[in-house]
Structures are given as structure tokens and as C-alpha cells.
Amino acid sequence: MSSSDQIQHFLFTNADIRGQLVGLEESYRQAIENHNYPKSIEKLIGEFMAAAALLGSTLKIDGTISIQAQGTGSLTLIMAECKSNREIRAVARYQGECNSSAINELLGIGQLAITIDPEQGQRYQGIVPLENATLAKCLEAYFDQSEQLKTRIWLAGNSGEQVSGLLLQAMPSAISPTDSDAWPRICTLTDTLSESELEKLQNIQLLYRLYHEEEVELYPPHEVNFSCSCNRDRIINALVSLGAQEVEEMFTEEPLVEINCEFCNQSYTVAKEEVEPYLMELDISEIASDLAPSRTLH
Ligand SMILES: [Zn+2]
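### Points about the overall build of the chain
For the chain, the count of helices and strands is 11 helices and 14 strands. Against the compact-globule benchmark of 19 Å for 298 residues, the chain has a radius of gyration of 20 Å, which places it among compact chains. Taken along its principal axes, the extent of the C-alpha atoms in the chain is 70 × 35 × 35 Å. Classification of the 298 residues of the chain by burial places 36% in the buried group. Sequence-distant contacts, at least 24 apart, represent 63% of the contacts inside the chain between residues at least 6 apart.

Below you can see the structure in the form of C-alpha cells.
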């Protein structure tokens, strides 16, 4: 595997194509511990985390990127997010049996959304229907239909143990007359990588195995960590977003409600009086953010 809980950038110096390798182990285990997810969902969560770490590292701004899929199947929601400081977290909601390994079978009819929340500025979101069996293929469909830079992702992992990923992205000058076939050539080379090689080879070995005829520069790695950004305000926001009626029902029998963060299991005890003042205000802001126009980010 790529070095664990690290992301490492590389650059094709003659082709204006950049790449990244990520390996997650401890951060992945921390995200799934105490959840008892079915194996198929554990594996998919690892892939979402690796993809979020890869895409998060392409951001040139401070903020958070999230990859989220929702559907009508036994897996109703799965998401991972990565901040620009490479802190990642993930969660899934499911009901009943989750035996398939295909993302579109687990989620049924649904969609995949990629959202970029800059610390300053406007939120961007792009959405594609879930029409492919793997997350990597769904992400490719997203990049094909968006106006973003040409991007491809390869993912592989051992459910519950570790996950590895590789991302390639063509910078605009990669479509230059001097080396016009660089993008398809390097993608074709990368398609020869087996899942087991992506899981087991060290980064330097993997780059040599794939690209020994290309000029590649490998940069020092950066750490990736599991970290949950939950706090009392966010928990109250989540509660309020359920709507006034549901909140009223939760407090009919008890004056205090205990809520566990879905990501990290931290427990928060909330009183009804804490929630009530926010109900109207937050309902309005939720609607406003849903109506915000989607834009593409380069
Ligand atoms: Zn949390």
C-alpha cells in the first residue's frame, strides 16, 4: 500500500499532468469503529474517504470537500469529507441487508453530489445520477459531465483494514500540441494497474511500475488524519433540520435528549430550550442554501 495515512503528490514534468497517491489505514479504522457497518458498506466508506482525501488535496482554497451519495436502496446515505488540512471523516446510513458490492445496487436510484464549502465565499455543488457500479466510475461520470479539469481516480482496498487511491488530473496546458496524447497515454498506463498492486506497492515502486518511461517528480508526503468537526452548535443544527414537528415529538417524553454524533459517536445532551430559538431561523437558512446556484470550481 501507499504509505498509510499519507497523501503524496507527483507531477509529470513534461506533460502538465499531476497525480496523487493516498493510503488510509488508522484514519479509516477510526471512522468505522463502533459502527458495526456491514462489510460491503465498510469497503465503500473507505473508498469514499480515499476519494475525498484525493479530491480535497486538489483544492487551492481553505475549506471542506464532501462526496455524498443518497439513494432509495438499503444504503440510504454515504458520505466522506476532507478539509484542506487533510482531516477526514465519513458516515453511512443503511437499513436491512447490504450484500451487494456495487454502489448503484446498494443505493438504488440515487445521486452522487460533490460539494465544496470554502471557508470564505460561495458553496459549490455538482451532482450526477448513480449509474455505475463503482465509486471511481461514478466520479468519472461526474468529471466527464462537469467543466472541471480532466480527472480520473483509481481505488482499491481491503474492507475494514486499509484503502488506497490514485488520482490523475490534467492541467489545462496538458492538451498542448507538443504532447497531445499525454492524457490518454498516461491514463492507459494507469489502467494497467491491478487493485492488488495499488494496495500493496509502495508509492515509489508503483510510479516506477507504471511510468518508468515518463518523467515523474514525486513530492514529500502529507499526513491525513481522522478528525470530527462536530460540536454543540452543529448537533443543534442537525436536530433543528429535522423540522419543528419532529423536534416537538422528541421532547414530549423527556426534557433532555441525548444525541450521538453520527461520525464519531460523541454524545451530546440537548435541552428543548436550546433548540426552540433556532427552529425558525435555521429552517430559512437551510432553504436558502439549497437554492444556491451550483457552480463549477477550477
Ligand atoms: Zn463527531
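### With respect to the pairing of strand β1 (residues 6-12)
The buried fraction of β1 amounts to 5 of the 7 residues, a majority that puts the element mostly inside the structure. Pairing analysis gives 7 bridges linking β1 to strand β2 (residues 17-24), with the strands arranged antiparallel. In the strand pairing of β2, F10 is matched with G19. Connecting the antiparallel pair β1 and β2 is a turn made up of 4 residues, with D16 showing a positive phi of about 55°. Here β1 pairs with strand β10 (residues 216-218) via 3 bridges, running antiparallel. Across the sheet, the residue bridging to F12 is V216, located in β10.

### Side note on the domain arrangement of the chain
Here the chain is partitioned into domain 1 (6-226) and domain 2 (232-291). One C-alpha centre belongs to domain 1, the other to domain 2, and the line joining them spans 32 Å. With 4 residues of domain 1 at the interface, the matching set in domain 2 holds 4 residues. Across the side of domain 1 that touches domain 2, the residue classes break down as 1 nonpolar, 1 polar and 2 charged.

### Focus on the environment of D117
Relative to the elements of secondary structure, D117 occurs in strand β6 (residues 110-118). What makes D117 partly exposed here is the crowd of 17 C-beta atoms within 10 Å. When the C-alpha positions of D117 and S66 are compared, they lie 8.3 Å apart, and in sequence the two are 51 residues distant. Not counting residues up to four positions away in its chain, the partners in contact with D117 are G63, T64 and R123.

### Observations regarding the environment of R18
For R18, the location among the structural elements is in strand β2. Looking at R18, the number of C-beta atoms within 10 Å reads 19, which means it is partly exposed. Once the C-alpha coordinates of R18 and V216 are considered, the two residues, 198 residues apart in sequence, prove to be 9.2 Å apart. Those residues in contact with R18 that sit more than four places away from it in its chain are H9, L11, Q169 and M171.

### Observations regarding the nonpolar core
Core analysis: the largest hydrophobic core is formed by 67 residues, its most contacted members being I45, F48, M49, A51, A52 and A53. Top contributing element to this core by residue count: helix α2 (residues 39-56), with 11 residues. When residues no more than four places from it in sequence are discounted, the contact partners of A51 are I67, L135, L139, I153, L155 and G165.

### Some remarks on the confidence of the model for the chain
Caution applies to low-pLDDT parts of the model: their predicted coordinates are not meant to be read in detail. Averaged over every residue, the pLDDT of the chain is 88; the share at 70 or more is 91%. Overall, residues 286-298 carries pLDDT values under 50, and its contacts beyond four positions in sequence, including any with other chains, amount to 18 contacts.

### Considering the pairing of strand β13 (residues 256-260)
Strand direction decides the pairing type here: β13 and strand β14 (residues 267-271), joined by 5 bridges, are antiparallel. Bridge pairing in β14 links N260 to S267. Between β13 and β14, which pair antiparallel one after the other, the connecting turn spans 6 residues, and N265 there sits at a positive phi close to 75°.

### A closer look at α2
The terminal C-alpha atoms of α2 lie 25 Å apart, and with 18 residues this matches the ideal 26 Å at 1.5 Å per residue to within 8%. Burial within α2 is extensive, with 17 of its 18 residues counted as buried.

Calculation criteria
Residues numbered from 1 in each chain as written. Predicted model: local features only at pLDDT ≥ 70, side-chain atom pairs only at ≥ 80, totals over all residues. Helix = DSSP H or I, 4+ residues; strand = E, 2+ residues; numbered from the N terminus. Rg over C-alpha atoms; globule rule 2.2 N^0.38 Å. Buried ≥ 20, exposed ≤ 12 C-beta atoms within 10 Å, placed from the backbone. Contact = placed C-beta atoms within 7 Å. Pairing = 2+ DSSP bridges. Domains from an automatic or database assignment. Nonpolar A, V, L, I, M, F, W, Y, C, P; charged D, E, K, R; others polar. Core = buried A, V, L, I, M, F, W, Y, C linked by C-beta atoms within 7 Å. pLDDT = per-residue confidence, 0-100. Expected span 1.5 Å × (residues − 1).

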